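A closer look at the structure
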Amino acid sequence: MSFIRPEAKAALWRWREVIAAGLLAFVGSTWVVGPGGLLGGLGWIAIAVSLGLAVVGFQRARFRTGSGGPGVVLVDEGQITYYGPLTGGVVATDAIERLALDPTAKPAHWVLEQPGQPPLQVPVNAEGAEALFDVFATLPGLRTERMLNELSGKGVHPVVIWERRSMRPPELRLH
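None of these values were measured; they are calculated from a predicted model.

**A look at the overall build of the protein chain**
Within the protein chain, the secondary structure is distributed over five helices and seven strands. Listing the helices and strands of the protein chain from first to last along the sequence gives α-α-α-β-β-β-β-β-β-α-α-β. Since a compact globule built from 175 residues should have a radius of gyration of about 16 Å, the 20 Å found for the protein chain marks it as more spread out than a globular shape. The principal-axis extent of the C-alpha atoms belonging to the protein chain is close to 65 × 60 × 35 Å. Relative to its full complement of 175 residues, the protein chain shows a buried share of 32%. Taking as baseline every contact in the protein chain between residues at least 6 positions apart, the subset at least 24 positions apart corresponds to 53%. Accessible area for the protein chain stands at about 11,400 Å²; split by element, carbon and sulfur atoms hold 62% of it. Considering the protein chain, the positive charge centre built from 16 side chains and the negative charge centre built from 15 side chains are found 7 Å apart.

Structure follows, in structure tokens:
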């Protein structure tokens, strides 16, 4: 028997990093205000760490859109695997050429493209899709805030979030 409603438990679990950062900041501030000395110095370090954890936790909480969607996502050793009821596939994280968000699909889908393969479409609320945040954060030049804004927005067409720069040298122009 649980003493907490499932909806409340899901909300607390979604914001777990931010809650942990708040608790760490509270402990750090009691050390700073309390005995001082060496413990006070550690308190300031704990407060600084809690601020970083809060920023990352807030981004992760915005990325988590829920669960219970179609399929399961597994991220293991540089590989994203999606097992869906109708489709599925595998993408190597270092082979991703383009990341797009398709809000027209129900539910919205991440579209991962790699050369020579059909695009892998992963619902944003698939089981385990929160692990994609760490993969997307490693893409060079990805703007996390833009990705989170597109995810929370109500777009009407697919949007390219990130694209790998071409390996060709840029064209040289005279004018």
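**Focus: the pattern of salt bridges**
Per the stated rule, a full pass over the model turns up six salt bridges. Note that D134 and R60 form a salt bridge whose closest N and O atoms lie 2.5 Å from each other. With D134 in helix α4 (residues 132-137) and R60 in helix α3 (residues 37-63), this residue pair connects regions lying 74 residues apart in the sequence. Several salt bridges converge on common partners, so that one network encompasses R98, E113 and E163.

**Describing the sheet that holds strand β1 (residues 72-75)**
Sheet architecture is open: three strands sit in the order β1-β2-β3, paired in antiparallel fashion. Two strands close off the open sheet at either side, each with one partner strand: β1 and β3 (88-92). Direction aside, neighbouring strands of the sheet carry axes that sit 10° apart on average. Alignment of β1 against strand β2 (residues 79-83), held across four bridges, turns out to be antiparallel. Paired with V73 across the bridge in β2 is Y82.

**Some words on the layout of surface pockets**
Roughly 310 Å³ of volume is contained in the largest pocket. Looking at the largest pocket, it is lined by 16 residues, and the ones nearest its centre are W13, R64, G66, S67 and E130. Counted by class, the lining of the largest pocket contains seven nonpolar, four polar and five charged residues. Roughly 220 Å³ of volume is contained in the second largest pocket. Lining the second largest pocket are T65, L101, P103, A105, K106, A108, E150, L151, S152, G153, K154 and G155. Here the lining of the second largest pocket takes three residues from helix α5 (residues 144-152), the largest share from any one element. A class-by-class count of the residues in the lining of the second largest pocket yields five nonpolar, four polar and three charged.

**A word on helix α2 (residues 16-33)**
Here α2 is 18 residues long and its end C-alpha atoms lie 26 Å apart, about the 26 Å a rise of 1.5 Å per residue gives. Where α2 is concerned, the buried positions are E17, A21 and G28. The buried residues of α2 occupy an angular sector of 40° when the element is viewed end-on, so they sit on one face. Across from the buried face of α2, at angles greater than 90 degrees, the exposed residues are L23, F26 and V33.

Criteria and thresholds
- Residues numbered from 1 in each chain as written.
- Predicted model: local features only at pLDDT ≥ 70, side-chain atom pairs only at ≥ 80, totals over all residues.
- Heavy atoms only, no water.
- Helix = DSSP H or I, 4+ residues; strand = E, 2+ residues; numbered from the N terminus.
- Rg over C-alpha atoms; globule rule 2.2 N^0.38 Å.
- Buried < 20%, exposed > 50% of the residue type's maximum accessible area, 1.4 Å probe, protein only.
- Contact = heavy atoms within 4.5 Å.
- Areas by Shrake-Rupley, 256 points an atom, 1.4 Å probe, with all protein chains shown as cover.
- Lys, Arg positive; Asp, Glu negative; His and termini not counted.
- Charge placed at Lys NZ, Arg CZ, Asp CG, Glu CD.
- Salt bridge = Lys/Arg side-chain N within 4 Å of Asp/Glu carboxyl O.
- Pairing = 2+ DSSP bridges.
- Axes fitted to C-alpha atoms, helices over the stretch in contact; angles between N-to-C directions.
- 1 Å grid on protein atoms, 1.4 Å probe; cavity = no way out; pocket = protein on both sides within 12 Å on 5 of 7 lines; lining within 4 Å.
- Points joined across faces, edges and corners; volume = space filled by probe spheres on them.
- Nonpolar A, V, L, I, M, F, W, Y, C, P; charged D, E, K, R; others polar.
- Expected span 1.5 Å × (residues − 1).
- Arc of directions from axis to C-beta.

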